[in-house]
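Here are the chains, one letter per residue:
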Amino acid sequence: MEVKTSLLDNMIGVGDMVLLEPLSEDSFLENLRKRFDHNEIYTYIGSVVISINPYRSLPIYTPDKVEEYRNRNFYELSPHIYALADEAYRSLRDQDKDQCILITGESGAGKTEASKLVMSYVAAVCGKGQEVNKVKEQLLQSNPVLEAFGNAKTVRNDNSSRFGKYMDIEFDFKGDPLGGVISNYLLEKSRVVKQPRGERNFHVFYQLLSGASDDTLKKLKLDRDFSKYNYLSLDSAMVNGLDDAANFRTVRNAMQIVGFMEDEVQSVLQLVAAVLKLGNIEFKPESRCNGTDESRIKDKNDLKEMCELLGIEQSVLERAFSYRTVEAKMEKVSTTLNVAQAYYARDALAKNLYSRLFSWLVTRINESIKAQTKARHKVMGVLDIYGFEIFEDNSFEQFIINYCNEKLQQIFIELTLREEQEEYVREGIEWTNIEYFNNAIICDLIENNQNGILAMLDEECLRPGTVTDETFLDKLNTICAEHQHFESRLSKNSKFLTDHSLPHNCFRIQHYAGKVLYRVEGFVDKNNDLLYRDLSQAMYKANHSLIKQLFPEGNPAKVNLKRPPTAGFQFRASVGTLMKNLQSKNPNYIRCIKPNDKKASHIFTESLVRHQVRYLGLMENVRVRRAGYAFRQAYEPCLERYKMLCKNTWPHWRGLAREGVEVLMTDLQVPAEEFSYGRSKIFIRNPRTLFFLEERRRQCLQDLATLIQKIYRGWKCRSHFLLLKQSQIVVAAWYRRYAQQKKYQTIKNATTVVQSYTRGWQARKLLRELKYQKRCKEAVTTIAAYWHGTQVRREYRKFFRANAGKKIYDFTIQRIMQKYFLGLKRDMPSMSPIDKNWSTRPYRFLDGAHTELRRIFHLWRCKKYRDQFTEEKKAVYEEKLEASEIFKDKKALYPSSVSQPFKGDYLEISKNPKYQKLNSTVEEKVLLADVVNKINRANGKGTARIFLLTKKNVVLADQKTGQVKASVPLPDLTSVSVSTQTDGFFALKLKEGSASAVKGDFLLSSEHLIEIITKLHRMGATTADRTQLDVDISDEFLVQFKQEKVCVKFIQGAPKNGNSVSCKRKNNRLLEVSVPTTA
Ligand SMILES: Nc1ncnc2c1ncn2[C@@H]1O[C@H](COP(=O)(O)OP(=O)(O)OP(=O)(O)O)[C@@H](O)[C@H]1O
Ligand SMILES: [Mg+2]
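Residues numbered from 1 in each chain as written. Chains lettered and ligands numbered in written order. Predicted model: local features only at pLDDT ≥ 70, side-chain atom pairs only at ≥ 80, totals over all residues. Heavy atoms only, no water.

**Q** Help me get a handle on the packing of aromatic side chains, residues and values and all.
**A** Two numbers describe a pair of aromatic rings. These are the distance of the centres and the angle of the planes. The final tally for this structure, using the stated rule, is 35 aromatic pairs. Consider the rings of tryptophan 838 and phenylalanine 857, whose centres lie 5.5 Å apart with planes at 35°: the pair is tilted. In this pair, tryptophan 838 sits in the loop between helix H27 (804–826) and helix H28 (847–867) while phenylalanine 857 sits in helix H28, placing the two residues 19 residues apart along the sequence. Taken as a pair, tryptophan 838 and phenylalanine 857 share a single burial class, namely buried. (Phe/Tyr/Trp six-rings, centres within 6.5 Å; stacked < 30°, edge-to-face > 60°. Helix = DSSP H or I, 4+ residues; strand = E, 2+ residues; numbered from the N terminus. Buried < 20%, exposed > 50% of the residue type's maximum accessible area, 1.4 Å probe, protein only.)

Next up, the structure:
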């Protein structure tokens, strides 16, 4: 988006008319047209905004635009209504000045639209927040409600405001809206009952019938068809571009937002419906017996429905339409109404009902939007009043409306001039007076208390006797005849006598905006605004709270015989108050202009605009503004804008802005009479001077742009070059570093190789030298040794005998042996035969001797050990030795017997008295006594027997009795057979043919088998007459039992009955001994 910095930039035509050169009405209009053709509908006259109705929507009210104009100075951007709104809002917020925005212009010029734009702009830029937004929304939404009830289509404007509106928006110190107050001025109520051709009644009637649901209409007893209602004109019921149904929804929604309760909305709609119904009540004459006519209601259906809607008793209203009661002092006179009077009464009721409803709406809206806090607030007033209008047929309403516009013009003149004057005084500039048309004289014609038109109308209305509009006109003709702005055919001013454009029942006023012909008909009635008391009382009786409220004078308890103030009087008073109010505030003007009469876009009817420019006094406005100086600007922005025109002020001026401007003006050689220095502003007399400055500035800006371009391009190229250069340096540096690194690495590698070769060569050389030196040393030593040896030998030869060498050798050996034996003695092992320790051999040549010594020592040690034994112990060991010889590795029982000492006498036979007898039978010494099992040859079972061994015999005796069962002399024993296994079986085999052999061999079993056999064997060895006893160790041997030989076979079997050995006779020849396997 292009951002403009001054309204002077890119101007179409001239944005501010004050700068128009040359200034004439034609150039003024031409400028307006030019701008209008380029969609520039706003133009300034100083701080006044001229707005031309574009009659189409322009894209200049977007949120972006709001942002663009927000917080910008008035002249900064091209003219816009937002600039004025912003200026007003900011001076309200920042300078604490109450503001008013006066929007004037004729009907259809765009005042209402302008007021809405101002309000929406202020709403957009002021503070935000839930509460603030609600207030804003309520303020904005009051518009559609009031427009529905107070606006109507007229020939000039499809949405013409038929009431005056002044709205005060209240703000807190931060500029946030707090609420508002609306004042309404004189609704054109005659429209309710009658509309000129081509016009409509108020919008709300059409909106209700088009937009309300069937249900609502049924409740209101209404029909959607407009033609059913007398009060609705039919020829323009539909308006192009106006969607009544949609607007009805908008209005309902707005009422809800503003805060209307649902029952209030219903009441309002009921009243609107009642007005429509009222219009349909018609009267017919009925002759009375006294010859006069009396009115009767034609069809009572509408009356009935209306009464139902408002809760009024039908008869009461019916009576009020037929009679009129006049109360004077203590008297009450009731007269019947004729048809015309009845219609008058009906219409008066309808107008009153509607206008009072409208006033109530304003009051109700005010209740909702009023500020909630009593805190001090600032006010921005927006005045949107009906515009000046000239119809074909102008009546009392137009007179009032135009009077109001006269007053506004008056205040405009007063305030603009005052403002201008004040500024000059403030700035210390001399002021020259300027001629302009002051409409005070017209205001005086209308409002003067003594002979003003309104005063005379009031006088006429209050006068006793017959009062008609004609008598009123007569009065005017007499009193105002001399007034230069009053014209009437019958006035004393003869120049109008022949003026045929002036009908007899009319008078004409030369308003500031043109001449308006007013028809006096209805002036008196409208001013009186009479509503028969019977009607207001009937209304008061209604069972409808809103109606009751609207007609308080109908309360019989408060009968007031005084006449109410006339409409004219009331209006004059409220306009007076309004003017005072406006004068107390800082005014901002929007002057609306209507470009054509066709409500069409793009058409600029020059004559029409010229007329408006004239009566709005815009030319005078420009002249006044230019009377002294055409253009003024504060020093700071002025210096900022033009400082480039002077070397001293460009680019920076360090001193005061005013001094800077002075330097600037001197430098530019602007003639001194062309400008003046104010306190804070410079005043330029002629627009020419300003344009000269602007032109110079434009040229200068071009030069500056070229300069900036040149410098920028230079800078850009240089930056680019520097960047390239910088980059090249970086690249070169990196490349050089890389190349150097590579070169260095190569040199380093080469150096390392050369170095390593050199070092290797040096080291080898050194090594060679060292080796050589070493060899030399060794050679020298050897040579020296040999040489010394030779020398010594040569020297000592004479001292040595021939065997000296042997002696030395012997001596050496001796010393070695001595040392060896001493060492051996010191490290002698213990005397235990089982100690295997022996010192290590010191010299190899002693190997044999060392082993031999060890063997000898061991034998000696064993002998020593043996020498310690007693005889018994020796015998025991001998026996053990023998047992070993016999059984070792032959019988499995042997190992278990090694550790058992051979006790011999297990039964202690000599001591035990039990065996005394047996002992005595055995003569020799018992070498062994034990209990054995004698195996029964028949079944293999054992019988315990005492086994005794003496030097000569083996004796078997009964264990219990000690009776000797067998005694075998040792020589009869030939051999003894045992198994290889762990059993204790042994067979004593007897010499064949001996006496003992009669009964056969003995098969015995003993736990001390090893000892028994060993001892038997020893006995054989020691006895000289006996041959050595054979010990046969085999698992199968034959035993001689009497005649037969039985084979005893030992088998290994699973352990049964514990570990006992079992013996079974298998057959006659086989006795099987089962020996349990040992684990
Ligand atoms: N700024 C605008 N942009 C677009 N259309 C506009 C603008 N101003 C006015 N109009 C059009 O002109 C019509 C008449 O404007 P508006 O109702 O504001 O006139 P007015 O001056 O209030 O007249 P009256 O005195 O009869 O109330 C609007 O309905 C709208 O269509
Ligand atoms: Mg309007």
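Having seen it, we continue.
**Q** Could you give an account of unusual backbone geometry, naming the residues involved and the relevant values?
**A** Of note, the bond from glutamate 21 into proline 22 is cis; its omega dihedral lies within 30 degrees of zero at -5°. Here proline 22 is to be found in the segment before helix H1 (25–37). Cis geometry marks the peptide bond from tryptophan 650 to proline 651, where omega comes out at -5°. Inspection of the secondary structure puts proline 651 in the loop between helix H24 (635–642) and helix H25 (657–668). A positive phi angle, close to 55°, is found at asparagine 71, a residue other than glycine. Its relative accessible area of 46% is what places asparagine 71 among the partly exposed residues.

**Q** Lay out H27 in plain terms, naming residues and giving numbers.
**A** The periodicity of an α-helix, 3.6 residues per turn, causes residues three or four positions apart to be oriented the same way. Given a rise of 1.5 Å per residue, 23 residues ought to cover 33 Å, and the 32 Å separating the end C-alpha atoms of H27 matches this to within 8%. Taken together, the buried positions of H27 are occupied by Ala804, Ile816, Tyr820, Gly823 and Leu824. (Expected span 1.5 Å × (residues − 1).)

**Q** Give a description of the pattern of salt bridges that names residues and reports values.
**A** Under the definition given, this model contains 65 salt bridges. Here lysine 891 ties to aspartate 983 by a salt bridge, and the two come within 3.4 Å at their closest N and O atoms. Separated by 92 residues along the polypeptide, lysine 891 in the loop between helix H29 (871–887) and helix H30 (894–898) and aspartate 983 in the loop between strand E24 (973–978) and strand E25 (985–990) bring together distant segments of the chain. When sorted by exposure, lysine 891 lands in the same class as aspartate 983, which is buried. One salt-bridge network, held together by shared partners, links Glu25, Asp26, Arg33, Glu606, Arg610 and Arg614. (Salt bridge = Lys/Arg side-chain N within 4 Å of Asp/Glu carboxyl O.)

**Q** Let's hear about empty space enclosed by the protein: which residues, and what values?
**A** Evaluation of the coordinates by the stated rule reveals six cavities of 30 Å³ or more. What the largest cavity holds in volume is close to 70 Å³. Residue lining of the largest cavity: Met119, Val122, Ala123, Cys126, Lys136, Leu139, Leu140, Ile169, Phe171 and Pro177, and that is the complete set. Per-class residue counts for the lining of the largest cavity are nine nonpolar, no polar and one charged. (1 Å grid on protein atoms, 1.4 Å probe; cavity = no way out; pocket = protein on both sides within 12 Å on 5 of 7 lines; lining within 4 Å. Points joined across faces, edges and corners; volume = space filled by probe spheres on them. Nonpolar A, V, L, I, M, F, W, Y, C, P; charged D, E, K, R; others polar.)

**Q** Describe the nonpolar core, and please don't skip the residues or the numbers.
**A** The biggest cluster of nonpolar side chains holds 211 residues, and the ones touching the most others in it are Phe28, Phe149, Phe205, Leu317, Phe321 and Phe507. Tallying contributions element by element places helix H13 (residues 339–369) first for this core, with 15 residues. Excluding its chain neighbours within four sequence positions, the residues that come into contact with phenylalanine 321 are Leu278, Ile281, Phe283, Ser295, Ile297, Leu303, Leu337, Ala342, Ala345, Arg346, Leu349 and Leu535. Leu928, Val954, Val976 and Leu1004 belong to the second largest nonpolar core, which has 31 residues in total. (Core = buried A, V, L, I, M, F, W, Y, C linked by side-chain atoms within 4.5 Å. Contact = heavy atoms within 4.5 Å.)

**Q** Give me the pairing of strand E20 (residues 926–935): which residues, what numbers.
**A** Here nine bridges tie E20 to strand E21 (residues 942–950), and the two strands are oriented antiparallel to one another. In the sheet register, isoleucine 935 faces E21, and the bridge partner there is glycine 942. Between E20 and E21, which follow one another and run antiparallel, lie six residues, and glycine 940 among them has a positive phi close to 85°. Pairing geometry for E20 and strand E26 (residues 1002–1005), over two bridges, is antiparallel. Directly across from asparagine 933, in E26, lies its bridge partner serine 1005. (Pairing = 2+ DSSP bridges.)

**Q** Residues and numbers for the domain arrangement of the chain, please.
**A** How big an interface is tends to be stated in terms of accessible area lost as the parts join. Split by domain assignment, the chain resolves into domain 1 (631–695), domain 2 (808–868) and domain 3 (873–1034). A separation of 162 Å is found between the C-alpha centroids of domain 1 and domain 3. (Domains from an automatic or database assignment.)

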